[in-house]
Amino acid sequence: MLSLKGIKTALISVFHKDGLDDILTQLHRAGVVLYSTGGTQTFIESLGLPCIAVENLTGYPSILGGRVKTLHPKVFGGILNRRDNPTDRQQIKEYDIPEIDLVIVDLYPFAETVASGASADDIIEKIDIGGISLIRAAAKNFNDVVIVASKNQYGALKKLLDEKGANSSLDDRRWFAKEAFAVSSGYDAAIFNYFDGGEGSYFRQAADTALPLRYGENPHQKGVFYGDFDALFEQLHGKEISYNNLLDINAAIELISEFDELTFAVLKHNNACGIASRPTVKAAWEAALAGDPVSAYGGVLICNAPIDAVAAEEINKLFLEVIIAPAYEAAALEILRQKKNRIILVLKNGGSPANQMQFRSLLNGVLVQDKDVSIQTKADLTVATKKAPTAAQVDDLLFANKLVKNTKSNAIVLAKDKQLCASGVGQTSRIDALRQAIDKARTFGFDLNGAVMASDAFFPFPDCVEVAKQAGITAVIQPGGSVRDDLTVDYCNEHDLVMVTTGIRHFKH
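In this report, we go over the structure that sits alongside the text. Values in this document were obtained by computation on a predicted structure and should not be read as measured data.

### Structural notes on the overall build of the protein chain
Step number 1: Helix and strand counts for the protein chain come out as 18 helices and 23 strands.
Step number 2: Its C-alpha atoms put the protein chain at 95 × 50 × 40 Å along the principal axes.
Step number 3: Within the span of the protein chain, comprising 509 residues, buried residues form 47% of the whole.
Step number 4: Accessible surface for the protein chain amounts to roughly 24800 Å². Of this, 52% is attributable to carbon and sulfur atoms.

Laid out in structure tokens, this is it:
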């Protein structure tokens, strides 16, 4: 059996006190001497428990408006002394320093204060100094001291006390130390990013929630999601979410966020295989499914309107992995829950994460960039040809442009009447992407006469518009910017095609 060390003294200095009552009572009943200061001391005494003021230990009052309370050798000596070191033992005896076996800290809420829009002065005052110092000291000396560094660890301490009384093993203390350094590093990252102001001087990111996954992209790979999934979604039904589900869910959210009118999309491997905007959920679903009913099998579905029972009856005919919507009628849920593994998610608050940066690990570092949040409107279009688009063509061009923005490059999108006809996805040449899209559209019976074409980047040669014209395409949207733009525009003018440019490229790799 692992040897246990007893807890005889505890120093408590916390911001959040909820959930601490039972712990303090248990410590007192176990004969643990409690030290505290300020509001925490008042709280402990309000429970009818004895508490020694830190000021009585140090001989100094809290000074500088509370900025200095625990920063004293009698506190840190009590935490950092090594119980098996004769010199340390001699010195704490010489200076009358009591050993401190347990430290409970909950830091000032710095990140929350920043997020609240507080003033700079209020934010600076929420940079915890004493608390973070106590955490690091106690965690460093985990051989002898238990450190509880956050309200999120109150439960773990309560479990320890329930199972072992006022005692801990080395494994217990090392686990709490590991958790403590996670808290301190995350806290420092938040402070740095506040001062950095988005300049990206250094890469410092931290996430406090880890969701272990069944596996990574493939079964032989380990996978973990770091982030608060529950802040964006409520899972109503279905199996555990996988790594690949998360990739598709992210792609679905990024795509649907582009659309204000009622829109339904089906995604597979991070690309839309069907999407349509229609007046009703059922009509939007049927039009989206028509885009590629083969690829839709096992796909991820998303709609920006509540799912009703009429639509659910049709959706339920397809095997699907995930469905996402802002709400579901009770009858619709009853229908969709008929498949036990089907993941049903409610999208909270639009589902858009606050973080507007993207990270990707590669080589021996991390790539960081701003998210592509640029959404083009009619005002952003420049008519490059003699012939201008009709109002209906403008609607389709903007629809297709939103879709090509969210499709793996090189990408071409063909759309008509606010419905995806087909996409050419992830090709090494743009002309190959176009041919893929045309072949696919014809396979599923789409008439491309009057359809529009969107490209995620400029056309280096006029070959794409030549092939598009032959397929029946009548209008094109692209960023423009090629040194051969004039050749492409000349062809469009000569063959009665409309072309508009946006000036914005939308590569996605």
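On we go from here.
### Section: the pairing of strand β16 (residues 357-362)
Step number 1: The sheet contact formed by β16 and strand β17 (residues 365-370) spans 6 bridges and is antiparallel. In the strand pairing of β17, F359 is matched with V368.
Step number 2: Counted between consecutive antiparallel strands, the loop separating β16 from β17 contains 2 residues, among which L363 sits at a positive phi close to 50°.

### Side note on the sheet that holds strand β19 (residues 412-415)
Step number 1: Reading across the sheet, the 6 strands line up as β18-β23-β22-β21-β19-β20 and stay open at both edges, with mixed pairing between neighbours. Of all strands in the sheet, those with a lone pairing partner are β18 (382-383) and β20 (420-424), marking the two edges.
Step number 2: By the bridge criterion, 2 bridges tie β18 to strand β23 (residues 498-501) in an arrangement that is antiparallel. Its bridge partner being in β23, T382 is matched across the sheet by T501.
Step number 3: Contacts between helix α16 (residues 430-443) and the sheet are confined to β19, β20 and β21 (452-455), with β20 contributing the most and set at about 145° to the helix.

### Brief notes about the sheet that holds strand β2 (residues 9-14)
Step number 1: Strand order in this open sheet of 5 strands is β4-β3-β2-β5-β6, and the pairing throughout is parallel. Edge strands, defined here as strands with exactly one partner in the open sheet, are β4 (52-53) and β6 (146-148).
Step number 2: Taken together, the 3 bridges between strand β5 (residues 102-106) and β6 define a ladder with parallel strand orientation. Bridging across to β6, V103 finds its partner in I147.
Step number 3: Taken strand by strand, helix α1 (residues 21-29) contacts β2, β3 (33-36) and β5, and its axis lies near 165° from that of β5.

### What to know about the pattern of salt bridges
Step number 1: Applying the stated rule across the entire model yields 17 salt bridges.
Step number 2: Of the charged contacts, one joins K282 and E286 as a salt bridge, the two residues approaching to 2.8 Å between their closest N and O atoms. Of this pair, K282 and E286 both sit in helix α12 (residues 281-290), 4 residues apart, which is roughly one turn of the helix.
Step number 3: Looking at E286, the relative accessible area reads 35%, which means it is partly exposed.
Step number 4: Salt bridges here are not isolated pairs; linked through shared partners, they connect R83, R89, E99 and D101.

### A closer look at the packing of α1 against helix α9 (residues 154-164)
Step number 1: Packing of α1 against α9 leaves a shortest axis separation of 10 Å and a crossing angle of 30°. α9 is crossed by α1, and the crossing has left-handed handedness. Contacts between α1 and α9 involve D22, I23, Q26 and L27 from the first element and Y154, L157, K158, L161 and D162 from the second.
Step number 2: In terms of residue class, the contact of α1 with α9 is built from 5 nonpolar, 1 polar and 3 charged.

### Observations concerning helix α10 (residues 170-196)
Step number 1: The terminal C-alpha atoms of α10 lie 38 Å apart, and with 27 residues this matches the ideal 39 Å at 1.5 Å per residue to within 8%.
Step number 2: For α10, every residue scored as buried is listed here: D172, R173, F176, A177, A180, S184, G186, Y187, A189, I191 and D196.
Step number 3: Those residues of α10 hidden inside the fold are in contact with β1 (5-6), α6 (110-115), α8 (130-140), β6, α9 and β7 (167-168).
Step number 4: G197 sits one or two residues past α10 and shows a positive phi near 60°.

### Observations regarding α9
Step number 1: Every buried residue of α9 is listed here: Y154, L157, L160 and L161. Burial along α9 is one-sided: seen end-on, the buried residues are contained in an arc of 120°.
Step number 2: On its buried face, α9 sits against β2, α1, β5, β6, β7 and α10.
Step number 3: Directly beyond the C-terminal end of α9, a positive phi value near 70° is found at G165.

### A word on the packing of aromatic side chains
Step number 1: In total, this model carries 11 aromatic pairs according to the counting rule given.
Step number 2: An angle of 75° between the planes, with centres 6.3 Å apart, marks the rings of F15 and Y108 as edge-to-face. Of this pair, F15 sits in the loop between β2 and α1 while Y108 sits in the loop between β5 and α6, placing them 93 residues apart in sequence.
Step number 3: On the numbers, 5.3 Å between centres and 55° between planes, the contact of F264 with W285 is tilted. In this pair, F264 sits in strand β11 (residues 263-268) while W285 sits in helix α12, placing the two residues 21 residues apart along the sequence. Each member of the pair F264 and W285 is classed as buried.
Step number 4: By the ring-pair criterion, three or more aromatic residues cluster together here, those being F110, Y187, Y194 and F195.

### A look at the environment of V500
Step number 1: Among the secondary structure elements, V500 is positioned in strand β23.
Step number 2: Residue class for V500 comes out buried when judged on its relative accessible area of 0%.
Step number 3: Considered as a pair, V500 and G365 are 135 residues apart in the sequence and their alpha carbons are 39 Å apart.
Step number 4: Contact partners of V500, with chain neighbours within four places excluded, come to L381, T382, V383, A384, P389, L397, V476, I477 and Q478.

### Thoughts on the environment of V413
Step number 1: Within the secondary structure, V413 sits in strand β19.
Step number 2: Classification of V413 by relative accessible area gives buried; the value is 0%.
Step number 3: Spatially, the C-alpha atom of V413 lies 7.9 Å from that of N401, the residues being 12 residues apart in sequence.
Step number 4: With residues up to four places along the chain from it excluded, the contact list for V413 reads A400, L403, V404, T407, L420, A422, S423, V452, M453 and A454.

### Focus: a nonpolar patch on the surface
Step number 1: Together, F203, M357, F359, V366 and V368 make up a nonpolar patch on the protein surface, roughly 390 Å² of accessible area in all.
Step number 2: Broken down by secondary-structure element, the contributors of at least two residues to the nonpolar patch are β16 and β17.
Step number 3: Checked against the element boundaries, M357 lands in strand β16.

Basis of the calculations
- Residues numbered from 1 in each chain as written.
- Predicted model: local features only at pLDDT ≥ 70, side-chain atom pairs only at ≥ 80, totals over all residues.
- Heavy atoms only, no water.
- Helix = DSSP H or I, 4+ residues; strand = E, 2+ residues; numbered from the N terminus.
- Buried < 20%, exposed > 50% of the residue type's maximum accessible area, 1.4 Å probe, protein only.
- Areas by Shrake-Rupley, 256 points an atom, 1.4 Å probe, with all protein chains shown as cover.
- Pairing = 2+ DSSP bridges.
- Contact = heavy atoms within 4.5 Å.
- Axes fitted to C-alpha atoms, helices over the stretch in contact; angles between N-to-C directions.
- Salt bridge = Lys/Arg side-chain N within 4 Å of Asp/Glu carboxyl O.
- Left-handed = near helix turned anticlockwise from the far one by under 90°.
- Nonpolar A, V, L, I, M, F, W, Y, C, P; charged D, E, K, R; others polar.
- Expected span 1.5 Å × (residues − 1).
- Arc of directions from axis to C-beta.
- Phe/Tyr/Trp six-rings, centres within 6.5 Å; stacked < 30°, edge-to-face > 60°.
- Patch = residues over 30% accessible without salt bridge, like charges linked within 9 Å, V, L, I, M, F, W, Y side chains within 5 Å.

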